[in-house]
Amino acid sequence: MSGGETGRTLRALFMSVSLGAGHDQAQQAVKQAFAERGVELLGAEHDSVEYLSTFERSFTVDLYEFELRYAPWLYRGFYWLTDQDQPWNIISRMFTWLGMGAFKDELRELRPEVVINSFWAPAAVCDTLRAQTGQRFLNCLIVTDYRAHLHWARRETDLLMVASEETRRQMLERGVRPEQVEVTGIPISPAFREVLAADRWALRAELFSEMSLRPGVPLLLLSGGGRGHYAAAADVLTELGNLGRAVQVLVPASRQGEGTETIGGATVHHLGFRRDLPRLLAASDLVVGKAGGLTVAEATALGVPLVIYAPIPGQEEHNADFLERHGAGLWARARHDVRPLVLRALDPAEHARLSAGARAVGIPDAADRVAGAILRRLGDGLGDELGDSRGPA
């Protein structure tokens, strides 16, 4: 953690979106990082979905939920279509005005120095409103995936904070100016840094004792997301039960509620909502399941390998590809691949290789890097002026 900002106040508007828990978790991590720097935040945080009308919500959020649950092939087509930087891609341009009326009122009332977005859509609307109202503020976007889809490549933002050097290069290829982009990593809770500083073996022994887990039996953590979209969860658990060796599986925020069941050779612990996810993850040998951006960032920060199966089409597939290419994880492209890849990842030599790959791409202090990048931009002489221009209402 970097110091030196004690006593600074910052009028900030945090904009997230309720399309998965990761966007909000990234924002909370950044807020904690500001607090650790002694920065007092004055402002608000909002879910940009709140600004949408019923009609706007029907063809954005509701359609997204439907596609993930019932027609992932349709979402794959949407992801591809909106990634084309062509004049006919009117869908991407449409997002520059969605929810603009309510957003405009919020900006006029708060007059922030900075708007910190963890989703691309409100960042696009911010620029439209700046042009309309003349109001000045730093428009920042935290990119929570490992590939620069066209939606994330917001050339109109002042600061794009990306997951990796690879992501930065992709942004430049899409026409984003070099001075707009900083590699910070995806922000994760400071609690992960605390876990890293702890004695991992002592932490693991404590958790095993607390949960009556069996020493010497591998501990796996199922990554299923926080919104119940992971339709493959039951299939994954079945495959883990058929490994031919005993394993223990933790299922955070399980849809089945709390309890324990046996599936073949797997003892499955269904957990409720837990605030100690960093501890659970640090004690695990392997993460199996989805490849959400925050999950990848958290696991790699701790050096825990991942085996990905049935990721969300588009962005999570690219996250899985990133892991595989960097030697931080394995991607089971079919159900029959899950068993051999999990067994491979549990082999001591392969596990050590994957753990090293994960640590190589992990950025545990990403949240502090984000806070630092924003404060540096505000310190360029803009901080005293941003948010003060009245402009037309």
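Above this text sits the structure in question.
Owing to the predicted nature of the structure, the values given are computational and were not obtained by experimental measurement.

Rules used in this analysis
Residues numbered from 1 in each chain as written. Predicted model: local features only at pLDDT ≥ 70, side-chain atom pairs only at ≥ 80, totals over all residues. Heavy atoms only, no water. Core = buried A, V, L, I, M, F, W, Y, C linked by side-chain atoms within 4.5 Å. Buried < 20%, exposed > 50% of the residue type's maximum accessible area, 1.4 Å probe, protein only. Helix = DSSP H or I, 4+ residues; strand = E, 2+ residues; numbered from the N terminus. Contact = heavy atoms within 4.5 Å. Pairing = 2+ DSSP bridges. Axes fitted to C-alpha atoms, helices over the stretch in contact; angles between N-to-C directions. Phe/Tyr/Trp six-rings, centres within 6.5 Å; stacked < 30°, edge-to-face > 60°. Lys NZ or Arg CZ within 6 Å of the ring centre and 35° of its normal.

**Student:** Tell me about the nonpolar core, and please be specific about residues and values.
**Tutor:** Residues Y146, M211, L219, L280, L281, L302 and I308 are the most contacted members of the largest nonpolar core, which totals 38 residues. At the level of secondary structure, the elements contributing two or more residues to this core comprise α9 (191-197), α10 (200-210), β7 (219-223), α12 (277-283), α13 (293-302), β12 (306-309), α14 (315-325) and α16 (348-361). Counting residues per element, this core draws most heavily on α13, which supplies six residues. Aside from chain neighbours lying at most four places away, what touches L280 is L207, M211, L221, L250, L271 and R274. Counting 25 residues, the second largest nonpolar core, distinct from the first, contains L220, L222, V288 and L346.

**Student:** If you had to explain the sheet that holds strand β8 (residues 247-251) to someone new, which residues and values would you point to?
**Tutor:** Strand order across the open sheet formed by seven strands is β9-β10-β8-β7-β11-β12-β13, with mixed pairing between neighbours. Of all strands in the sheet, those bounded by a partner on one side alone are β9 (259-263) and β13 (329-332). Within this sheet the neighbouring strands show an average axis-to-axis angle of 20 degrees, counted without direction. Two strands pair when backbone bridges link them, and β9 and strand β10 (residues 266-270) are joined in this way by five bridges, in the antiparallel orientation. Counterpart to T260 in the pairing with β10 is H269. Here α14 sits on the sheet in contact with β12 and β13, set at roughly 135 degrees to β13.

**Student:** So what's going on with the packing of aromatic side chains? Which residues, and what values?
**Tutor:** Here the structure, examined in full by the defined rule, presents six aromatic pairs. With a centroid separation of 6.5 Å and 50 degrees between ring planes, the pair formed by Y75 and Y79 is classed as tilted. Here Y75 and its partner Y79 are both found in helix α4 (residues 72-81), four residues apart, which amounts to about one turn of the helix. Look at F119 and W120: their rings are 5.0 Å apart centre to centre, the planes differ by 35 degrees, and that puts the pair in the tilted class. In this structure, F119 and W120 share a single accessibility class: buried. Linked through ring pairs, Y75, F78 and Y79 together constitute an aromatic cluster. Across from the ring centre of F137, 5.4 Å away, lies the NZ or CZ of R130, which sits over that ring. Above the plane of the ring of W331 lies R333, whose end atom (NZ or CZ) is 3.9 Å from the centre.

Read these as geometric descriptors, not functional statements.
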